[in-house]
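# What the coordinates show
Residues per chain, in single letters:
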Amino acid sequence: MNHRVAIFDTTLRDGEQSPGASMTIDEKVVIAKALEDLGVDIIEAGFPIASEGDFEAVQRVAQSVMRATVAGLARCHPKDIERAWQALAHALRPRIHVFLATSPIHRQYKLNLSKQQVLARVAEGVAMARRLCDDVEFSAEDAARTEPEFLVEVAQVALAAGATTFNVPDTVGYTTPDQFGDLVDRLMQDLPQFQQAVLSVHCHNDLGLAVANSLAAVKAGARQVECTINGIGERAGNCALEEVVMALRTRHDLFGLETGIDSRRIFSTSQLVSRVTGLHVQRNKAIVGQNAFAHEAGIHQHGVLQCQETYEIMKPEDVGVASSQLVLGKHSGRHAFKDWLNKQSFELSDAHFEKTFAAFKALADKKKTIYESDLLALVEGELQSTTGPWRIASLHTSAGTGTPPTAAISLMDERNVVHEEAACGDGPVDALFKAIERATGVRAVLKSYEIRSVTSGRDAQGEVSIEVSHGDQTYRGRSFSTDIIEASGHAMIQVINRLCRKAQNEADHLAEAYHAS
Ligand code: KIV
Ligand code: ZN
């Protein structure tokens, strides 16, 4: 029996399907490299036929990743499979991931195909992918709601056509641990082909059971788990990588299984994904939440001081949790700062490094105590400030009892042309957002606005997170400052920059298509 569970990360594909979580190609490459350093076995980089952007992202990740397998998703259509293969052409270890829905409800309403027609499509799709690539995964979409006997037939056909991995998705997060464990057990018992081929699972979290279902599947013989960092993904998300990996590790006594994950990189990878997608990690989230290792009750604190294991089943350092201690200070030099950036998977150009180092020194002058979270906020703020056409040159707001709140803003565009505007609003932030809207000409509807303190103390930095809709898309922005009005302005500019970059990319592709036709 194989004791190694392969970790298939789909943060860049299923994870990106979280509303508002879209990533640029450069951001995807940075995340892919961090995933490789984390030790994932397979990185699903995108769905190449879905858009030019997805194609390019898979291509760039395939060129950048050296150790992990890179997968591209494709429906059971020749065009999808060809496109996936083109995107993977430069991967050292490519995998084509073909899928087709198999459940009665999908067969009837989505595909309008009989069981026989589904089986024929599976055979054709997998065989075509296999002619191109030695590593082929087939996913039976909505497998958990597929008749078990039919799923066995589908698996048989996919494996006979050359699939090297057969994936069993619980696409709608409907199953339960006992039921899913039994389904995997049945596949393992009925098909001796799984002595060689890998049985994989892919669980969604609609009932909050994605991790439990994946663990039940692993107990029954699955040897690949598909998951995402922080559990992001379509609707309620996917199985969370950090949870499934730490469950296998912490309860090795129960599972007796290994993964290739370097658990000490879990926290920094979680932070990276949260920064890039703008999706917050909830405070009490297992493993990577801010409270995951915090002890509030006096009895607990006392116990932990006497012996950590009284209330901790994992050590914070095992998952690389940022310490709440002072990490760098006023007297820290370039080397220490660079070292810290490397540990956090930040890659900065020389010019950008100098700018960020200067900002760090300025913060160290302003703030008595600098925590790791302060540094993360600072670097993120600096990264965001350089990625888009708009920059804040200056802003001014005024508010108080009996006076209408006003804001004046001066923005620079990419040609360094200054745009100045002023507006009144319901409060200083509202006035500021209205002034930004006038200056940029971009109409964005604010859907949510949150403020939290990054650390404690009166000089703590504030974090502002916003969610904005534009057309039928949702965008998120996040910024930090000791001044929350300034942070609000930067968060809105970040959203507008994302929006402008997207519009520019679409225009470029249209122009390319026009010239090619
Ligand atoms: O949830 C799902 O069924 C999927 C497949 C494409 C694997 O994401
Ligand atoms: Zn999925």
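Note: the structure precedes this text.
Presented here is a report on the structure given in the accompanying data block.

Reading guide: rules and limits
Residues numbered from 1 in each chain as written. Chains lettered and ligands numbered in written order. Predicted model: local features only at pLDDT ≥ 70, side-chain atom pairs only at ≥ 80, totals over all residues. Heavy atoms only, no water. Axes fitted to C-alpha atoms, helices over the stretch in contact; angles between N-to-C directions. Helix = DSSP H or I, 4+ residues; strand = E, 2+ residues; numbered from the N terminus. Parallel < 35°, antiparallel > 145°, perpendicular 65-115°, else oblique. Contact = heavy atoms within 4.5 Å. Nonpolar A, V, L, I, M, F, W, Y, C, P; charged D, E, K, R; others polar. Buried < 20%, exposed > 50% of the residue type's maximum accessible area, 1.4 Å probe, protein only. Pairing = 2+ DSSP bridges. Core = buried A, V, L, I, M, F, W, Y, C linked by side-chain atoms within 4.5 Å. Donors = N, O, S within 2.8 Å, 3.2 Å for Na, K, Ca; no water.

## Some words on the packing of helix α13 (residues 334-343) against helix α14 (residues 350-366)
- Between α13 and α14, the least distance of the axes is 11 Å, while the angle of their chain directions is 110 degrees. Comparing the axis directions of α13 and α14 gives the class roughly perpendicular. Two secondary-structure elements touch here, α13 through Arg 334, Phe 337, Lys 338 and Leu 341 and α14 through Phe 353, Glu 354, Thr 356, Phe 357 and Phe 360.
- Per-class residue counts for the contact of α13 with α14 are five nonpolar, one polar and three charged.

## Side note on unusual backbone geometry
- At Asn 112, a position not held by glycine, the phi torsion is positive, near 55 degrees.
- Topologically, Asn 112 is positioned in the loop between α4 (104-111) and α5 (115-132).
- Positive phi is not limited to glycine here, since Asn 230 has a value of about 65 degrees.
- By the secondary structure assignment, Asn 230 is in the loop between β8 (224-227) and α9 (241-250).
- Using a relative accessible area of 13% as the deciding quantity, one classes Asn 230 as buried.

## Section: the pairing of strand β14 (residues 473-481)
- For β14, the buried fraction is high: eight of the nine residues fall into the buried class.
- As paired elements, strand β13 (residues 462-470) and β14 share nine bridges and run antiparallel to each other. By the bridge assignment, Val 464 is partnered in β14 with Ser 479.
- Counting the residues that bridge the hairpin from β13 to β14 gives two residues, and of these Gly 471 lies at a positive phi of roughly 60 degrees.

## Here's the deal with the nonpolar core
- Core analysis: the biggest nonpolar cluster contains 99 residues, and Phe 138, Phe 166 and Val 168 have the highest contact counts within it.
- If you tally residues by element for this core, the top one is helix α6 (residues 148-160), at seven residues.
- Phe 138 has contacts with Cys 76, Val 98, Phe 99, Leu 100, Val 122, Val 126, Val 154, Ala 158, Ala 163, Thr 165, Phe 166 and Asn 167, leaving out every residue within four places of it along the chain.
- Within the second largest apolar cluster, 27 residues are counted, among which are Ala 431, Leu 432, Ile 466 and Tyr 475.

## So, the coordination of the zinc ion (ligand 2)
- Donor atoms from the polypeptide that bind the zinc ion (ligand 2) are Asp 14 (OD), His 202 (NE2) and His 204 (NE2), placed at 2.0 to 2.2 Å.
- Binding-site remark: the zinc ion (ligand 2) is held by donors from one chain whose sequence spacing is D-x187-H-x1-H. Within this pair, whereas Asp 14 is found in the loop between β1 (6-9) and α1 (25-38), its partner His 202 is found in strand β7 (residues 198-203), the two being separated by 188 residues in sequence. With respect to class, Asp 14 is no different from His 202; both count as buried.

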